[in-house]
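Spelled out from the first residue to the last, the chains are:
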Amino acid sequence: MNSLFTPEPATPTRPHRLWLKNPLAVFTANELDAGGGVVVSGGVIAEVVGTGKAPAAPCDEVFDAGRHVLTPGLINTHHHFYQTLTRAWAPVADAELFPWLKTLYPVWARLTPRDLELATTAALAELLLSGCTTAADHHYLFPRGLEDAIDIQVQVVRQLGMRATLTRGSMSLGEDDGGLPPQSTVQDPEVILADSERLVSAYHERGDDAVIQIALAPCSPFSVTREVMMESAALAEKLDVRLHTHLAETLDEEDFCKEMFGLRTVDYLESVGWLTPRTWLGHGIHFDDAEIARLGAAGTAIAHCPTSNMRLASGTARILELEAAGSPVGLGVDGSASNDASNMIQEARQALYLQRLRYGASAVSCERALGWATRGSARVLGRESLGEIAPGRQADLAMFTLDELRFSGSHDPVAALLLCGADRADRVMVGGVWRVVDGQIPGLDLGGLIADHSQAARKLVQG
Ligand code: ZN
């Protein structure tokens with residue numbers, strides 16, 4: 001049991017019918033009028049109440065949402081939770097991707113089970129407090145002693161009461177064979193595939209209300225062999241789970257693919273059987289017009305990570321064109337060694353501004369950026385029961401107040417979330433259960449988490 005949580009938390013109860021009444025404003029991620037709020041029942045949104053209307057049936061609890069901007073729970077599509085232990089680390093603070101990775105790999109190779117538990121708790125708690133209800137993590141480090149990394153993460157997700165798509169990542173192409181990571185961090189293909197199958201069988205839930213899902217996630221072209229890419233795709237097909245990897249993040253990676261495989265990144269992706277709607281890609285920056293058309297036609301999804309892309313100076317993803325071509329687009333904060341925050345509402349703000357630089361202000365509204373963080377991200381993860389406020393969708397909701405100085409003088413409450421820089425939700429609900437109340441996570445010792453996590457971080461970089 002993780003000592004940071006109340007030893008025996010009372011089972012949260014949920015009322016039969018709860019009306020979140022008359023919010024200050026609502027972003028539904030669709031065309032519905034929810035001005036009168038929503039009714040939550042049985043873990044789902046039972047009713048969307050129009051402006052000035054009352055619910056069709058009586059409710060046994062009413063929450064006055066007059067101070068709150070209501071949105072679907074935000075969804076993060078790309079992260080590396082363990083990297084919260086190497087935030088703002090001076091040796092890589094000003095580095096680009098390949099040197100950044102080469103400096104960090106030996107540090108990350110020392111990760112212990114307790115480190116990962118703390119890092120996962122820190123990342124998820126920070127996400128939850130920012131209005132995030134579902135998070136994907138890409139974990140690809142399994143040094144000796146950390147074989148149960150994903151099992152550890154499953155426990156933390158359950159303790160926080162969030163949803164997660166945890167990916168069984170992998171690295172199999174070490175320095176000795178022309179890859180980027182040190183040999184000590186790579187695993188044999190047989191081990192990777194057997195553990196992938198074990199995790200799907202142990203934890204992957206199906207259905208609209210799934211809490212934990214497992215996906216397969218070889219790390220990147222420069223750290224994984226062709227064999228593992230191809231066999232992961234075949235296994236994902238057999239087990240009917242999703243596929244995830246990094247692709248086209250930097251021009252260094254493009255050069256690597258040309259030298260190692262004689263192919264551009266999308267040609268390589270297709271050659272290993274990954275150009276499918278089952279796949280979502282972290283970053284997806286350096287694509288030409290024809291590649292964007294092919295990705296869109298295949299329905300391959302993109303996790304856009306604007307802060308990381310700016311921090312590492314990797315480039316600007318062509319998100320509007322990818323979306324127009326047919327690729328689902330969502331947002332990811334990316335790992336905390338390249339962001340270094342795990343804050344989804346701030347990430348939506350970053351996406352708004354970065355994409356405006358490419359396409360112009362009128363092409364990227366605040367609603368469009370919030371749409372990527374909600375409905376778009378839900379599509380990226382194959383979770384269409386999440387990410388919007390509509391009858392029958394899961395009751396995963398975020399509520400923000402505009403009481404701070406930064407919002408004073410603002411007029412449009414939904415636009416104010418991004419333009420004034422909201423960074424913390426006041427209330428967050430997952431599956432009809434409050435998981436953030438008055439800006440706090442009930443049952444979590446946040447002070448203890450910060451103390452233990454900071455100490456683990458210092459120890460990790462000292463070696
Ligand atoms: Zn990443």
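Residues numbered from 1 in each chain as written. Predicted model: local features only at pLDDT ≥ 70, side-chain atom pairs only at ≥ 80, totals over all residues. Heavy atoms only, no water.

A. Structural view of the sheet that holds strand β4 (residues 44-49). In spatial order, the strands read β4-β3-β1-β5; together these 4 strands make up an open sheet with mixed pairing. Each edge of the open sheet is held by one strand with a lone partner, namely β4 and β5 (61-64). The average undirected angle you get between the axes of adjacent strands in this sheet is 20°. The pairing of strand β3 (residues 37-41) with β4 spans 5 bridges and is classified as antiparallel. Bridging from a neighbouring strand, glycine 37 pairs with valine 49 of β4. (Pairing = 2+ DSSP bridges. Helix = DSSP H or I, 4+ residues; strand = E, 2+ residues; numbered from the N terminus. Axes fitted to C-alpha atoms, helices over the stretch in contact; angles between N-to-C directions.)

B. Representation of the sheet that holds strand β6 (residues 68-72). The 5 strands lie next to each other as β2-β6-β15-β16-β17, forming an open sheet whose pairing is mixed. Looking at which strands have only one partner, the edges of the open sheet turn out to be β2 (25-26) and β17 (433-436). As judged from the 5 bridges shared by β6 and strand β15 (residues 397-401), these two strands associate in the antiparallel manner. From the neighbouring strand, proline 72 faces β15, where its bridge partner is leucine 397.

C. Fine view of the packing of helix α3 (residues 149-160) against helix α4 (residues 189-203). Contact geometry of α3 with α4 gives a least axis separation of 11 Å together with a crossing angle of 25°. With respect to α4, the axis of α3 lies roughly parallel. The two elements α3 and α4 meet at a crossing, and its hand is right-handed. Judged by residue contacts, Ile150, Asp151, Val154 and Arg158 of α3 engage Arg198, Leu199 and Tyr203 from α4. Split by residue class, the contact of α3 with α4 holds 4 nonpolar, no polar and 3 charged. (Parallel < 35°, antiparallel > 145°, perpendicular 65-115°, else oblique. Left-handed = near helix turned anticlockwise from the far one by under 90°. Contact = heavy atoms within 4.5 Å. Nonpolar A, V, L, I, M, F, W, Y, C, P; charged D, E, K, R; others polar.)

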